[in-house]
Amino acid sequence: MTDQLTAELARDIGKARGTDYFVMKDQLSEDELDLLYTTRTFGEAEIQPVINDYWERGEFPFEIIPKMAELNLIGDWNLRDFGCRPMTAVGSGLIVAELARNDTSIQTFWGVHMGLAMQSINMLGSEEQRAHYLPQMARLEKIGAFALTEPNHGSDSVSLETTAERQGGEWVINGLKRWPGNAVWCDYIIVFARDVDDKQVKGFIVERDNPGYSATKIERKVSLRCVQNADIVLKDCRVSEEARLQKCRSFMDVAKVLAGTRNGVAWAAVGNATAAYDIALTYAERRVQFGKPIASNQMIQRILVEMLGDLTAMQLYVLRLGRLIDEGKMTDTQASLAKYYCTVKARDVCRKARDVLGGNGITLDFHVMRHLCDMEALITYEGTVEIQSLIIGRHLTGHSAFV
Ligand SMILES: Cc1cc2nc3c(=O)[nH]c(=O)nc-3n(C[C@H](O)[C@H](O)[C@H](O)COP(=O)(O)OP(=O)(O)OC[C@H]3O[C@@H](n4cnc5c(N)ncnc54)[C@H](O)[C@@H]3O)c2cc1C
């Protein structure tokens, strides 16, 4: 029975049927629908069949990068030139959600490369830097990483200790970074460091083969196992003034990049919840106990309804947030609320899906455990639930509760 069920589910799972209960697709333009279905088709063909094995081994499926490049999907509402594909914020979010529906490690690779590294260059780089770096990154020929967090400064990365000292036409960077995704194997790492002179945070484009840069893979993670996160040592790492992000003048500029990517994390949460709900519904219809499909059980139906309610609310959140970005109206705290709400709800949806699947819920074969484990990272990165709450709470009340 289980073998048959596994085979049937392997065929049916991930078709995202019944996951658009409020017919959100009617709100999408032709171009947005094209991005959605292109990514969906790609994910089902290229990611879904192979990802569990990679996840189990803790390896990244490098062979999918050239295939992703062929899709020409790199772009965003503000990333429209230099070979990037012009698209709305909603279009960009749909790509993220569809990648995450298949696998959040792949979506994180995408988010770090496009949302953090390319956007840092796009938003904080000079025209020359944008023209030099963005085309090769849009073609996925060169891959980026983003190094802000340090071993002693995560939530308070504003207090980062990595130093940058100007010596003639060069900068000398010293310090430690922890967690950056892609950083073990990528080409360019955006490193944030404090200028010893004016004490402000500045950004630098460091090439991975710089002799002052070394990155060691963080092993034994049980979330986002395909993402190669790194412990980084910057020791007398010399970069030219041309490699300094010319418009990054303080931590406030870094925060502008992070506001955009919080929106991306919210979309990624929607992708995880979509997968989990879809799998749980399919499983409940097929799994027979006490002579009936478990879907005919009142308690299972209640769980499915709760999951669908949360998923639908999340979809409304991100769609509206995306439109606010496209209209130039999104505020930082709106992005924080979406990140907070969608990640908390998506983790809950994944946990419920795991319950619906019983013992099979903890195997990789049925995917939901991978989504649940990966949601733990989405809860944390780009600002934890607690930090988002403090940011939103300060805005609501006018009182800062940061201690
Ligand atoms: C898988 C993964 C990928 C990542 N990728 C990147 C990357 O590409 N680049 C990068 O620069 N960083 C990256 N990060 C780092 C990430 O942004 C940090 O992990 C995150 O900001 C939290 O920092 P921390 O882990 O040091 O936790 P801490 O800051 O030590 O927090 C620990 C706990 O304390 C809580 N806490 C902290 N301060 C307060 C307070 N004032 N009030 C109440 N509660 C508080 C937190 O909410 C959390 O629950 C990644 C992290 C992970 C796990």
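As the structure is a computational prediction, the values presented were derived from the model and not from experiment.

K.L.:
How should the site of the ligand be read in this particular structure?
P.N.:
Around the ligand lies a shell of 20 residues, among which Phe 146, Thr 149, Ser 155, Thr 384 and Glu 386 are the nearest. Note that an oxygen atom of the ligand is positioned 2.9 Å from one of the backbone N or O atoms of Leu 148. A distance of 2.7 Å separates an oxygen atom of the ligand from a polar atom in the side chain of Glu 386. Considering the ligand on its own, with 970 Å² of exposed area, one finds that the protein chains cover 69% of that surface. Secondary structure elements with two or more residues in the shell around the ligand: strand 1 (144–147), helix 11 (368–380) and helix 12 (385–397). Per-element tally for the shell around the ligand: the top contributor is helix 12, with three residues. In this structure, the shell around the ligand is formed jointly by two domains, domain 2 (144–243) and domain 3 (251–397), each of which donates at least three residues.

K.L.:
How do you make sense of helix 7 (residues 127–138) when you look at a structure like this?
P.N.:
An ideal rise of 1.5 Å per residue puts 16 Å on twelve residues; helix 7 measures up with 16 Å between its terminal C-alpha atoms. When we look at burial in helix 7, the residues that qualify are Gln 129, Arg 130, Tyr 133, Leu 134, Pro 135, Gln 136, Met 137 and Ala 138. The inward-facing, buried residues of helix 7 abut helix 6 (104–124), strand 1, strand 4 (188–195) and strand 5 (201–207). Immediately beyond the C-terminal end of helix 7, within one or two residues, lies Leu 140, with a positive phi of roughly 60°.

K.L.:
How should I be thinking about the domain arrangement of the chain in this particular structure?
P.N.:
Many structure descriptions define interface size as the accessible area lost when the parts assemble. Here the chain is partitioned into domain 1 (18–138), domain 2 (144–243) and domain 3 (251–397). Between the C-alpha centres of domain 1 and domain 2 there is a distance of 24 Å. Contacts between the two partners involve 25 residues from domain 1 and, on the opposite side, 19 residues from domain 2. Between domain 1 and domain 2, a total of about 1900 Å² is buried, with carbon and sulfur atoms accounting for 67% of that surface. Scanning the region where domain 1 abuts domain 2 turns up zero salt bridges. One can count nine residue pairs in polar contact (both at pLDDT 80 or more) joining domain 1 with domain 2. Mapped onto the side of domain 1 that touches domain 2, the elements with two or more residues apiece are helix 3 (51–57), helix 6 and helix 7. Sorting elements by how many residues they give to the side of domain 1 that touches domain 2 places helix 6 first, with ten residues. Of the residues that constitute the side of domain 1 that touches domain 2, the class distribution is 14 nonpolar, eight polar and three charged.

Analysis parameters
- All residue numbers refer to positions counted from 1 along the written sequence of the respective chain.
- Only residues with pLDDT of at least 70 get local features here, since the model is predicted, and only at 80 or more are side-chain atom pairs given and counted; chain-wide, interface and lining totals rely on the full set of residues.
- No hydrogens and no water enter the side-chain calculation; it runs on all heavy atoms of the structure.
- What makes a residue near a molecule or strand is one non-hydrogen atom of that residue sitting within 4 Å of it.
- We define a polar contact as two N or O atoms separated by no more than 3.5 Å, with the added condition that, inside protein, one atom must be a possible hydrogen donor and the other a possible acceptor, whereas residues neighbouring each other in sequence contribute only through side-chain atom pairs.
- Each accessible area is a Shrake-Rupley result for a 1.4 Å probe, and residues are judged covered by the shown protein chains and nothing else.
- Helix and strand assignments follow DSSP, with helices taken as H or I runs no shorter than four residues and strands as E runs no shorter than two, numbered in order from the N terminus.
- Domain segmentation is taken from an automatic or database assignment of domains.
- What a helix is expected to span follows from its residue count: subtract one and scale by 1.5 Å.
- Any residue under 20% of the maximum accessible area for its type is buried, any over 50% is exposed, and the rest in between are partly exposed; the area is computed with a 1.4 Å probe on protein chains only.
- Between two residues, a contact is recorded if the distance between any of their heavy atoms is within 4.5 Å.
- Accessible-area loss on putting two parts together, using a 1.4 Å probe and summing over both, is the definition of buried area adopted here.
- Salt bridges are defined by distance alone: a side-chain nitrogen of Lys or Arg within 4 Å of a carboxyl oxygen of Asp or Glu.
- Only Asp, Glu, Lys and Arg are considered charged in this grouping, and only Ala, Val, Leu, Ile, Met, Phe, Trp, Tyr, Cys and Pro are considered nonpolar; every other residue, Gly among them, is considered polar.

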